[in-house]
Amino acid sequence: MGGDTALVLGGGGLTGVGWECGILYGLARAGVDLTTADLVVGTSAGSVVGAQLTSGLLTAQELYERQLGDPAGEVAAKLGAGLVARYAVAMVGSRTATAYRQRIGAMALAADTGPEAERRKVLAARLVSHEWPERRLVVTAVDALSGELEAFERGSGSGLVDAVSASCAVPGVWPPVTVGGRRFIDGGIRSATNADLAAGYARVVIIAPLSLGSKLVPSPSAQAERLRAAGARVLLITPSNAARKVFGRNVLDPARRDPAARAGLAQAAEHVREAAEVWSGRAA
């Protein structure tokens, strides 16, 4: 086995950041502290949460409270209908998952999405530490040219800010991020959670703001089932209907992060018992 406990934090924009923080705090408040995980896998929004969670500088409550209030200085972006349509066309025109990711990478490289350095400043400001944590944190991104997954972690040659920036580089919205001479895009293009990176861990909790998948992009539920089939105890948490309504139509709107966090805190109560059973082997 690779270890005992793994926490997988999926992508889902700024509402995903808020909702994940609410879930984590709600569970911790009820006695199920997922921040003790031996491994944390972060994709896109999950990489931001994971980096802060493993920094050792914030409790689950403090991380939650950082999501509340007026998001001063944050600029809203949007996944417009035209961009979503381009994703769909790329998927229909691709025979393999790698080919799909290469098409999306080419689109991202050609898009006019502003200076890479400016976007990096935004991500740097969100993190409470710019150093890799002692606890194992894996941050996912996709090579824009090859379409291959890159799993950044301590000792991989990338700085933490660059890794998180790469993981959050939504194609067509934000610029690809340069790390070691290569260009990277959002890890969510491969999978909303990349939960397969928790293979070998005995107990896994997956918190996934986005639950959809396709033949070319495995869903969180499909990845959870594969982990279970390999012998792991797995809990998958996805947004309730109430949480999805709070997210609204634009998950990249900073103003939606506060209500999303509150929705996550409220929803956490629904998962305390099953989370305790997976995490500690006992009922809450």
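The name an unreviewed UniProt entry gives the protein chain is NTE family protein, with Streptomyces avidinii as the organism.

Chemist: Describe the overall build of the protein chain, naming the residues involved and giving the relevant values.
Modeler: Tallying secondary structure elements over the protein chain gives 11 helices and 8 strands in all. Its C-alpha atoms give the protein chain a radius of gyration of 17 Å, within 12% of the compact-globule value 19 Å for 284 residues. Each principal axis of the C-alpha atoms in the protein chain carries an extent, and together these give about 50 × 45 × 40 Å. Going through the 284 residues of the protein chain one by one, you find that 54% of them count as buried. Put simply, of all contacts in the protein chain between residues at least 6 apart along the chain, 77% involve residues at least 24 apart. Working note: accessible area of the protein chain is about 12000 Å², and carbon and sulfur atoms make up 52% of it.

Chemist: Tell me about the side chain of Gln267, and name the residues and values.
Modeler: Considering the arrangement of structural elements, one finds Gln267 in helix H10 (residues 257–268). Side-chain polar atoms of Gln267 contact the side chain of Trp19, separated by 3.0 Å.

Chemist: So what's going on with the packing of aromatic side chains? Residues and values would help.
Modeler: Summed over all chains, the structure comprises 3 aromatic pairs. Taken together, a centroid distance of 6.4 Å and an interplanar angle of 80 degrees make the contact between Trp19 and Phe247 edge-to-face. Of this pair, Trp19 sits in helix H1 (residues 13–29) while Phe247 is found in helix H9 (residues 241–247), placing the two residues 228 residues apart along the sequence. Overall, the relative accessible area of 0% leaves Trp19 in the buried class. You can call Phe247 buried: its relative accessible area is 7%. For the cation-ring pair, Arg119 lies above Trp174, with the distance from its terminal atom to the ring centre recorded as 3.8 Å.

Chemist: Explain the pairing of strand S6 (residues 182–186) residue by residue, including any values.
Modeler: With 3 bridges connecting them, strand S3 (residues 136–143) and S6 associate as antiparallel partners. The residue bridging Asp143 from the neighbouring strand is Phe184, located in S6. As paired strands, strand S5 (residues 177–179) and S6 are joined by 3 bridges and run antiparallel to one another. Bridge pairing links Val179 to Arg182 in S6. Between S5 and S6, which pair antiparallel and follow one another directly, the connecting turn spans 2 residues, one of which, Gly180, has a positive phi of 60 degrees.

Chemist: Lay out the pattern of salt bridges with the relevant residues and their values.
Modeler: Tallying each qualifying case throughout the model produces 11 salt bridges. Taking the shortest distance from any N to any O, the salt bridge between Glu116 and Arg183 comes out at 3.7 Å. With a gap of 67 residues between them, Glu116 in helix H6 (residues 116–126) and Arg183 in strand S6 connect regions that are remote in the sequence. Counted as one network, the salt bridges with shared partners bring together Asp143, Glu150 and Arg182.

Chemist: Now, about the nonpolar core: what can you tell me, with residues and values included?
Modeler: Leu7, Leu27, Leu34, Phe152, Val205 and Ile207 are the most contacted members of the largest nonpolar core, which totals 51 residues. The element contributing the most residues to this core is H1, with 6 residues. Apart from residues lying up to four places away in sequence, Leu27 is in contact with Val32, Leu34, Ile237, Ala268, His271, Val272 and Ala275. Core analysis: the next-biggest nonpolar cluster, separate from the first, contains 18 residues, Leu83, Tyr87, Val142 and Ile189 among them.

Chemist: Let's hear about helix H7 (residues 160–167): which residues, and what values?
Modeler: Counting buried positions along H7 gives 8 out of 8 residues, so the element sits mostly inside the fold. Along H7, the residues that are buried comprise Leu160, Val161, Asp162, Ala163, Val164, Ser165, Ala166 and Ser167.

Rules and cut-offs
Residues numbered from 1 in each chain as written. Predicted model: local features only at pLDDT ≥ 70, side-chain atom pairs only at ≥ 80, totals over all residues. Heavy atoms only, no water. Helix = DSSP H or I, 4+ residues; strand = E, 2+ residues; numbered from the N terminus. Rg over C-alpha atoms; globule rule 2.2 N^0.38 Å. Buried < 20%, exposed > 50% of the residue type's maximum accessible area, 1.4 Å probe, protein only. Contact = heavy atoms within 4.5 Å. Areas by Shrake-Rupley, 256 points an atom, 1.4 Å probe, with all protein chains shown as cover. Polar contact = N/O pair within 3.5 Å; in protein donor to acceptor, adjacent residues only side chain to side chain. Phe/Tyr/Trp six-rings, centres within 6.5 Å; stacked < 30°, edge-to-face > 60°. Lys NZ or Arg CZ within 6 Å of the ring centre and 35° of its normal. Pairing = 2+ DSSP bridges. Salt bridge = Lys/Arg side-chain N within 4 Å of Asp/Glu carboxyl O. Core = buried A, V, L, I, M, F, W, Y, C linked by side-chain atoms within 4.5 Å.

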